Every structure is written in structure tokens, then in C-alpha cells.
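One-letter residues, chain by chain:
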Amino acid sequence: MHVERALLGSLLRDPRQLRQLQHLTKIEPGDFGDSDHVRLMEAIVEETGKHDLDTIDGWNALRQALEDFATSIGHDGVWLEEMAAASPDPTQSVRYAVMVLEGDTRRVIAHHAQRLIEAMATKTPAVETVDEHLDATRKVLSRLATRWKVDPSARAGASPALTAPNAATAARNQPAADQSTPPSAGSLLQRGLTALRAPFQERLGGVTHNAEDRLLASLVADPGQIAEVGAWLQAEDFTTPARAELYTAIVALDQRGEPLDAITVVFEASRDTLISSRQADRFIARCHKASPGQAVALARDLVEKDIAAYVQREAKRIVTSVTSTNARPPEAIATALAALDGLDGQAERWRASRRVTASDTMTYQPPAAAYAPPSIDPAAAAGTEPNARTSL
């Protein structure tokens, strides 16, 4: 808050520079982080417009008005004197204002990222809530991009042409720092499941992999469900490489129109990843007692947990980026915009997983089993004794 005090002190010592300062920096009272500083800046803006600062009488009237204001919020004239003394050089008010704006930019971005983290930390995060936070964050980033003259299409890692506001250019006369390339979400192996699943495992709270095994087995038992989950369930959603490869194999076999059974799936998955005998035996045994029609519900739970972990990770990355001492506003905004793109994609995948499928309806029919109910002749059935059994 030292910079805020220095700026307010500069205005207290020479309030005549307020109009030019606002013209150059577009700074507003809401850009201050301390509530008392916000209120003092509001008072300075309001009272400065009421008095003729080209006369000593106008200066004295302004000072008296500000002292009255300080008293009204629990301070006094000494507080204003200390505030004025906090400015080492009143002529550097533009520089101080740019620093205040930088602090506000980091603070606002971190605040909205933290809201996303908190929204996803609940036991049952709602897609609608996440969408609201994403929309609010997008609007904030758009406003900040305009302030700092950042191309809205710019993203971290794309070497965008970033420029600070006119006031920042005048105050710093420094080029924008190089952009750092954020880690990209590549293939399953590139993402590294060990690191990827650390927050996910924490969120699971000790739940076993039983649900994932049931999901895979249900897809084998009823391949018709693959089309229902294939648009939004990804291999990266599974918590181990073996389960991810088994799912990839199931999808590949289905796309090629080949028959699906446990043995074929294990063989297909072993082409790219070593499936141990223990893993294969467990999968085959699970397929033998699989229940058709369960995959969609199980896949939704898996995707929800994975997306929640992903959103939390990316939001924390935004917080880390904007709170770094080396992150200038253009860099912080570009990093947040890049992360927001990824979050938008995950939110869309989440919305897709919530759409009603055939498995959700009362008319769902599992595939024909080995045993088919016999057809009964209505005429013969009419003459059957009430307790007589139908001959098979």
C-alpha cells in the first residue's frame, strides 16, 4: 500500500495535477486496494472540483474539506499530514498511478481466479456457477486489456504485441517483457498422469478405482453407450495410464466397427502401453459381471471430478502468474486469457456431459442377451390356466 500512499500524498501536496493525472492514466478511486484510500481518493476528486486551486483561498478550503472528511471516517489532520509525507516526489504522481494500476490489475485477476477455485472446491460444483464466473472473468479481462492496450486475441506464448497505457509508457519508457510460454496440454503421456492426478486424487478423498473399472466394463457390455460418452469423455479423465489405454482401445475398436470383448480390448490396448497380467485379469473379470447402461452416469462423475481439478489447477496458475513480481500487467492479462481459453473448452465439455442420453430415459433397452423371452401366441395364452407355466 506504500505506492497508494505515495500517490495520495502527491495529490494532497499538489491537487492541481489531478485532472492531468486522470487524463493520462484513467485512474479511478476503485483502483485502490485499501478501503480508506478508496474513500480518500473519492473525496479528493469530489472536493477538487468544487474549489479554485489557482488561489490560496481555494487551497485552504480544499484542505479544510479534506480534514473534515478524514474526521468523518475516524482519522484526523495528522493522518492526512502523514499521507502527504509518504510521497517522496509529488512530481512523480504519474509513475505512482501506473504502479497503483498494476497492483489493481494483479489483484482483480487473482480475485476472479480465486472465485473459480472456490466454486470448484464444493462437493457438487454447478456448471451454471462456473459459467457465471467464467463470463465475469472474461469481462474483467476485456476491460483490463483495453486499459493496458493488450490485443484481446493475444495469448501468452504467442508473442503478442503488448503495450502499456500511454501513462505507463511515459513513466517507464521500457519495452514489455518477453512472454513466457505456458505448458500446453498435449497427449496423455505428455501431460504426465502422475503430476496431472495429484490434485484429482486429493479431491477423490480415497475413493478407489472401482467406478472406472465399472465404466470400462459397461462400455464393453453395451457398446451403444460409446457414442453417448465419446464426445466428452477423454482418455485423460482416467486416473491411470492402463485405464486410459483401455478406454482408447474401446473407442478405436468401435470406430473401426470391430467386435468388442474383453480379450480384444486388452490386446488392442497393449499395442501402445504395457498392460500387466494383473490389470488384464481384473479388467476381464469385471467385464464378465458388467451391467449394461451404467457407463453414462459413471462417465459423468469421472468427467466432473477431472474438470474440477483442471479448473482449480489453471486458476491457481493464474494466481501464481499475476502475483509474481516479474509479471507486468500485459503478461498477466495474456496468461489469464490463455488459461481462460482452456477453461472455456472444459466448461463446454462439462455441459455436453450433462445432456440427456438414451441411457437416461425410461425407454432405454440394453442389447439383446443370450437368452430371449419366448413369443407367446395370444390365442393360446387365453386358454392357459392361471397357475400353469408356459412351456419353454
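Bear in mind that the values here come from a model prediction, so they are computed numbers and not experimental data.

Draft legend 1. Spatial organisation of the overall build of the protein. Counting its regular elements, the protein contains 19 helices and zero strands. A total of 392 residues make up the protein; the buried ones form 45% of that total. Of the contacts made within the protein by residues no fewer than 6 positions apart, 76% connect residues no fewer than 24 positions apart. For the protein, the accessible area works out to roughly 20,800 Å², and carbon and sulfur atoms hold 52% of it.

Draft legend 2. Spotlight on the packing of helix 15 (residues 262-269) against helix 16 (residues 277-288). It is the contact of helix 15 with helix 16, at a shortest axis distance of 9 Å, that shows an interaxial angle of 150 degrees. In terms of their interaxial angle, helix 15 and helix 16 are classed as roughly antiparallel. The chirality of how helix 15 crosses helix 16 is right-handed. For the pair formed by helix 15 and helix 16, the contact residues are A262, I263, V265 and V266 on the first element and A280, F283, I284 and C287 on the second. In the contact of helix 15 with helix 16, the residues fall into eight nonpolar, no polar and no charged.

Draft legend 3. Spatial organisation of the environment of R243. Its place among the elements puts R243 in helix 14 (residues 241-255). Taking C-alpha positions, R243 is 7.6 Å from E212, a pair spaced 31 residues apart along the chain. What R243 contacts, discounting residues up to four positions off in sequence, is H209, E212, D213, L216, F238 and R282. One polar contact links R243 to D213, side chain to side chain, over a distance of 2.9 Å.

Draft legend 4. Examining a negative patch on the surface more closely. On the surface, a cluster of negative charge is made up of E67, D68, D76, E81 and E82. Of all elements in the fold, only helix 4 (56-72) and helix 5 (77-85) reach the threshold of two or more residues within the negative patch. Locating D68 in the fold gives a position in helix 4.

Draft legend 5. Local environment of the nonpolar core. In terms of nonpolar packing, the biggest core is built from 98 residues, with I27, I109, L215, L233, Y247, V265 and F283 touching the most fellow members. A total of 13 residues in this core trace back to one element, the largest contributor, which is helix 17 (residues 295-322). Leave out the neighbours within four places in its chain, and V265 touches V220, L246, A249, I250, L253, L260 and F283.

Draft legend 6. Focus on the environment of V251. Mapped onto the elements, V251 comes out in helix 14. Distance from V251 to L219, taken between C-alpha atoms, is 9.3 Å for residues 32 residues apart in sequence.

Draft legend 7. Examining helix 4 more closely. End to end, helix 4 covers 24 Å across 17 residues, agreeing with the expected 24 Å (1.5 Å per residue, within 8%). Buried residues of helix 4: G58, W59, L62, A65, L66, F69 and A70, and no others. Mapping the buried residues of helix 4 onto a view down its axis gives an arc of 140 degrees, with all of them on the same face. In this structure, helix 4 carries I56, D57 and T71 as exposed residues pointing more than 90 degrees from its buried face. Just past helix 4, the residue G74 takes up positive phi, approximately 90 degrees.

Draft legend 8. Fine view of helix 7 (residues 127-147). Spanning 21 residues, helix 7 covers 30 Å between terminal C-alpha atoms, matching the ideal 30 Å at 1.5 Å per step. Buried residues along helix 7 sit in contact with helix 6 (93-120) and helix 18 (329-353). Looking one or two residues beyond helix 7, the residue adopting positive phi is K149, at roughly 55 degrees.

Draft legend 9. Summary view of the packing of aromatic side chains. Considering all chains together, one arrives at one aromatic pair under this definition. Seen in terms of ring centroids, F238 and Y247 are 5.3 Å apart; in terms of plane orientation they differ by 35 degrees. Their pairing is tilted. When its relative accessible area of 4% is taken as the criterion, Y247 is described as buried.

What counts and what doesn't
Residue numbers here run from 1 along each chain, matching the order of that chain's written sequence. A pLDDT threshold of at least 70 governs which residues receive local features in this predicted model, and a stricter bar of 80 or more applies before side-chain atom pairs are shown or counted, although totals over entire chains, interfaces and linings include all residues. In computing side-chain values, all of the structure's heavy atoms are included and hydrogens and water are not. A run of DSSP states H or I qualifies as a helix once it reaches four residues; a run of E qualifies as a strand once it reaches two. Both are numbered from the N-terminal end. For each residue, the accessible area found with a 1.4 Å probe, counting protein chains only, is set against the maximum for its type, and the residue is called buried under 20%, exposed over 50%, and partly exposed in between. Note on contacts: a residue pair qualifies if any of its non-hydrogen atoms lie within 4.5 Å across the two residues. The protein chains shown are the only cover counted for residues, whose accessible areas, like all others here, come from Shrake-Rupley with a 1.4 Å probe. Axis definition: a line fitted to C-alpha atoms, over the contacting stretch in the case of helices. Angles run 0 to 180 degrees between N-to-C directions. Roughly parallel here means an angle under 35 degrees, roughly antiparallel means over 145, roughly perpendicular means 65 to 115, and every remaining angle is called oblique. A clockwise turn of the near helix away from the far one marks a right-handed crossing, whereas an anticlockwise turn of less than a right angle marks a left-handed crossing. Note on residue classes: Ala, Val, Leu, Ile, Met, Phe, Trp, Tyr, Cys and Pro are nonpolar, Asp, Glu, Lys and Arg are charged, and everything else, Gly too, is polar. Counting of polar contacts relies on pairs of N or O atoms within 3.5 Å, with two restrictions inside protein: one atom must be capable of donating a hydrogen and the other of accepting it, and residues adjacent in sequence are counted only when both atoms are side-chain atoms. Every patch collects residues that have over 30% relative accessible area and no salt bridge, joining them within 9 Å if they carry like charges and within 5 Å if they are nonpolar side chains (Val, Leu, Ile, Met, Phe, Trp, Tyr). Salt bridge criterion: a side-chain nitrogen from Lys or Arg within 4 Å of a carboxyl oxygen from Asp or Glu. The charge count includes Lys and Arg as positive and Asp and Glu as negative, but it does not include His or the ends of the chains. Here the site of a charge means atom NZ of a Lys, CZ of an Arg, CG of an Asp or CD of a Glu. Buried residues of nine kinds, namely Ala, Val, Leu, Ile, Met, Phe, Trp, Tyr and Cys, make up a nonpolar core once their side-chain atoms join them within 4.5 Å. A helix is expected to reach a length of 1.5 Å times the quantity of its residues less one. Directions drawn from the helix axis to the C-beta atoms are what define this arc. Any Phe, Tyr or Trp ring, taking Trp's six-membered ring, that has another such ring centre within 6.5 Å forms a pair; planes under 30 degrees apart are called stacked, those over 60 apart edge-to-face, and the others tilted.

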